[in-house]
Amino acid sequence: MASRRNVACPENETLAKFVFKKWEEMAVKETFTDRLNATFSKAYKNLCDHKDPIFDLKGARKIKGVGKWMLTLLKQYFESNKDDSSQELLEPRAKKGRGSGRYLPQKSSAPYAILITLYRETQNGKDYMLKQELIDAAEASGLSRMPIG
């Protein structure tokens, strides 16, 4: 456990006290590891050395040593100051990937030509098409810039 440090920016004094207090609370627990000690140490040191005032989680995120886990602890501090704009920073971002949205191929691509051709044929009353028949019809439609194979 480190001793208290001087804080470079007076506006960050209460935040630094909060982090130090959390550090002391965690240090008495059996689950407190050297790694956790290093995390608190780095975050506290860099918070004290930070020259700009920190008013929200967005500002805290810029400090080296403050990661997602530390941000969840700091969320308690900033909730007492009630800054709603910082709430969105801890919420997980939507990941790209497969969703429940409908499939929409790129225009003038082979899949686009196949889907349009299949749609047109079902509108004309055809219930099914063989694979080669569908490929030939899609190629003949001219909807694709690349060969369908």
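Residues numbered from 1 in each chain as written. Predicted model: local features only at pLDDT ≥ 70, side-chain atom pairs only at ≥ 80, totals over all residues. Heavy atoms only, no water.

- If you look the chain up in an unreviewed UniProt entry, it shows as Crossover junction endonuclease MUS81 from Taxus chinensis.
- UniProt, in its Cofactor (unreviewed entry) section for the chain, records the words "Mg(2+)".
- Its UniProt record, at the heading Subcellular location (unreviewed entry), says of the chain: "Nucleus". (UniProt positions renumbered as here; feature names shortened; annotations may be inferred.)

What to know about unusual backbone geometry
And step 1. Here Ser 108, not a glycine, exhibits a phi torsion of approximately 70 degrees, which is positive.
And step 2. If you trace the backbone, Ser 108 turns up in the loop between α5 (87-90) and α6 (110-123).
And step 3. What makes Ser 108 partly exposed here is its relative accessible area of 21%. (Helix = DSSP H or I, 4+ residues; strand = E, 2+ residues; numbered from the N terminus. Buried < 20%, exposed > 50% of the residue type's maximum accessible area, 1.4 Å probe, protein only.)

Structural notes on the environment of Leu 104
And step 1. Mapped onto the secondary structure, Leu 104 falls in the loop between α5 and α6.
And step 2. On the basis of relative accessibility, which here comes to 64%, the residue Leu 104 falls in the exposed class.
And step 3. With 11 residues separating them along the chain, Leu 104 and Leu 115 place their C-alpha atoms 9.5 Å apart.

Looking at the nonpolar core
For soluble globular proteins, the rule of thumb is that nonpolar side chains tend to be buried together.
And step 1. Core analysis: the largest hydrophobic core is formed by 26 residues, its most contacted members being Phe 40, Leu 74 and Phe 78.
And step 2. Among the secondary structure elements, those contributing two or more residues to this core are α1 (13-27), α2 (34-49), α3 (57-61) and α4 (68-81).
And step 3. Among the elements that make up this core, the one with the highest residue count is α1 (seven residues).
And step 4. Once residues within four sequence positions are removed from consideration, Leu 74 is found in contact with Leu 15, Phe 18, Val 19, Leu 57, Ala 60 and Val 66.
And step 5. Of all hydrophobic cores here, the second largest spans six residues; its members include Ala 113, Ile 135, Leu 143 and Ile 148. (Core = buried A, V, L, I, M, F, W, Y, C linked by side-chain atoms within 4.5 Å. Contact = heavy atoms within 4.5 Å.)

What about the packing of α6 against helix α7 (residues 131-141)?
And step 1. Between α6 and α7, the shortest axis-to-axis distance is 9 Å and the interhelical angle comes to 105 degrees. Taken as axis vectors, α6 and α7 run roughly perpendicular relative to one another. Along the contact surface, α6 presents Ala 113, Ile 114, Thr 117, Leu 118 and Arg 120, while α7 presents Leu 134, Ala 137, Ala 138 and Ser 141.
And step 2. Broken down by class, the residue content of the contact of α6 with α7 amounts to six nonpolar, two polar and one charged. (Axes fitted to C-alpha atoms, helices over the stretch in contact; angles between N-to-C directions. Parallel < 35°, antiparallel > 145°, perpendicular 65-115°, else oblique. Nonpolar A, V, L, I, M, F, W, Y, C, P; charged D, E, K, R; others polar.)

Focus on the pattern of salt bridges
And step 1. Across all of its chains, the model carries four salt bridges by this definition.
And step 2. For Glu 25, the salt bridge identified is with Lys 22, shortest N-O distance 3.7 Å. Here Glu 25 pairs with Lys 22, and both are found in helix α1, just three residues apart, close to one helical turn.
And step 3. Classification of Glu 25 by relative accessible area gives partly exposed; the value is 36%.
And step 4. Two residues, Lys 45 and Asp 49, come together in a salt bridge whose shortest N-O distance is 3.3 Å. With Lys 45 and Asp 49 both in helix α2 and four residues apart, the pair spans about one turn of that helix.
And step 5. Taking relative accessible area as the criterion, Asp 49 reaches 32% and is therefore assigned partly exposed. (Salt bridge = Lys/Arg side-chain N within 4 Å of Asp/Glu carboxyl O.)

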